[in-house]
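# Residue-level structural notes
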Amino acid sequence: MRKILVVGAGQSGLQLALGLQSHGYEVTLMSNRTADEIRTGRVMSTQCMFTTALGHERDLQLNFWESQAPKIEGLGVSVAAPGSHDPGPTQRVIDWVGRLDGYAQSVDQRVKMAGWMETFAQRGGQLVIHGAAVGDLDYFSRTYDLVLVSAGKGELVSMFGRDPERSPYTEPQRALAVSYVHGLGPRPEHPEYDAVRCNLVPGVGELFVMPTLTTSGRADILFWEGIPGGPLDVFNGVKDPGEHLSLTLELMEKFTPWEYDRARNVELTDAGGTLAGRYAPTVRHPVGQLPGGGLVLGVADVVVANDPITGQGSNSAAKCAASYLASILEHGEKEFDGDWMHATFERYWDTAQHVTKWTNAMLSPPPEHILNLIGAAGQLQPVADRFANAFDDPADFENFFYEPEKTGAYLASVAGA
């Protein structure tokens, strides 16, 4: 029986560990926290998983919360009129909702990771609660056939050097601030179904609003992405959860009053329901070399960390875990050498490159043809629907998003139809 060590108990690490376990591998999972510590800790993300990523969980029968989590059937985009927030009320110049072909869902990672970790242990997996250092992996690499590193923060990431050809940014492009709340009212435009709402405030940043399932049941996530140094970049150093929420709501009232109107009476889900931070989007070389000469393979965020502006983090983690699982199963009893590791990553990069290209494009001020595309979606429902469904399959953006000629031809074809 082949022995595999997975370091890190997030979406990708746990999905991969449980997948390998289901195929008879002897899997050890290392986590720096227990399931209870995760469940009662601070929120970790703003996950919204679309149909392909949810399918990977269903394939492994890990969709434990599918019947409880809100079904997200649409994805809406609003654009504030440039400069309309100062002075006077902000107006929307664009507002539409695209309908998803298959529903999306969000499950608080505190719920999911704790539950999956307990399942892994119940199924006979070796669970080690220990914050791994490079020295630990140097020792373990001699006793395992393969070591996978899916812990996206800390010392271990330093083993994987930045790939400058695939990483255009060296600094964070957004300051991030998250609040999980109860008491958000429905959007009057579509009270009959749930949607993720993307609110774009030119020159300032973005507000995302999405329904989720958290430790206390149904909730909503309010998520600001602020341009560094701008008016949204005010959360650094804010430790008090109540102050964090108050700031969030003040900014909503000023910049997105149509969202503030339904958020006036919200309360935090719990004392751990806020998160703030920033990081530079980075693609890293996938293979790390240990001091003793052993090799380890980076997984998901360790090797491809995109800004959350396009909501792809948990989707990419699920797709990476599924891709790596397929590569491991196909490899059989052969050695997991450096060539195999590089090939395994490049197979995943075939998917991930589209996410990275699109996300990096969305971090820059949009060119005229993209503004035209987003505007046209307000008049042409097929355009809104296609844009929304490309969140599930970002490769489709190649066909109508990046090049003005392709965008123009696509819009002309839809208008003609």
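Scope of this entry: the structure provided in the associated data block.

### Section: the sheet that holds strand E2 (residues 26-31)
- With respect to topology, six strands assemble into an open sheet ordered E5-E2-E1-E6-E15-E14, the strand pairing being mixed. Of all the strands in the sheet, just strand E5 (126-129) and strand E14 (287-289) have a single pairing partner and so form its edges. Pairwise comparison of adjacent strand axes, ignoring direction, gives a mean angle of 25° for this sheet.
- In the sheet, strand E1 (residues 3-7) pairs with strand E6 (residues 146-149) via four bridges, with the strands oriented parallel. Each bridged residue has a counterpart across the sheet, and for isoleucine 4 the counterpart in E6 is leucine 146.
- Contacts from helix H8 (residues 313-331) reach E1, E6 and strand E15 (295-298) within the one sheet, and its direction differs from that of E6 by about 175°.

### Considering helix H6 (residues 241-255)
- The terminal C-alpha atoms of H6 lie 21 Å apart, and with 15 residues this matches the ideal 21 Å at 1.5 Å per residue to within 8%.
- Restricting attention to buried positions, one finds in H6 the residues Pro241, His244, Leu245, Leu247, Thr248, Leu249, Leu251, Met252 and Phe255.
- Regarding H6, its N-cap is aspartate 240, as a side-chain oxygen of that residue lies 3.2 Å from the backbone nitrogen of glycine 242 further along.

### Regarding the nonpolar core
- Core analysis: the biggest nonpolar cluster contains 62 residues, and Leu20, Leu137, Leu148, Met159, Tyr324 and Ile328 have the highest contact counts within it.
- Counting residues in each nonpolar core, the second largest holds 43 residues, with Val196, Ile309, Phe391 and Leu411 among its members.

### Notes on the pattern of salt bridges
- Summed over the entire model, instances satisfying the criterion amount to 26 salt bridges.
- Notably, a salt bridge pairs arginine 187 with aspartate 95, separated by 3.3 Å at the nearest N-O pair. Of the two residues, arginine 187 is situated in the loop between strand E7 (175-182) and strand E8 (194-201) and aspartate 95 in strand E4 (residues 92-104); the sequence distance between them amounts to 92 residues.
- Here arginine 197 and aspartate 95 are joined by a salt bridge, their closest N and O atoms 2.6 Å apart. With a gap of 102 residues between them, arginine 197 in strand E8 and aspartate 95 in strand E4 connect regions that are remote in the sequence.
- We classify aspartate 95 as partly exposed; its relative accessible area is 30%.
- Bridged by salt links that share partners, the residues Arg92, Asp95, Arg187, Glu189, Arg197, Glu259 and Arg262 form one connected network.

Analysis parameters
- Residues numbered from 1 in each chain as written.
- Predicted model: local features only at pLDDT ≥ 70, side-chain atom pairs only at ≥ 80, totals over all residues.
- Heavy atoms only, no water.
- Pairing = 2+ DSSP bridges.
- Helix = DSSP H or I, 4+ residues; strand = E, 2+ residues; numbered from the N terminus.
- Axes fitted to C-alpha atoms, helices over the stretch in contact; angles between N-to-C directions.
- Contact = heavy atoms within 4.5 Å.
- Expected span 1.5 Å × (residues − 1).
- Buried < 20%, exposed > 50% of the residue type's maximum accessible area, 1.4 Å probe, protein only.
- Polar contact = N/O pair within 3.5 Å; in protein donor to acceptor, adjacent residues only side chain to side chain.
- Core = buried A, V, L, I, M, F, W, Y, C linked by side-chain atoms within 4.5 Å.
- Salt bridge = Lys/Arg side-chain N within 4 Å of Asp/Glu carboxyl O.

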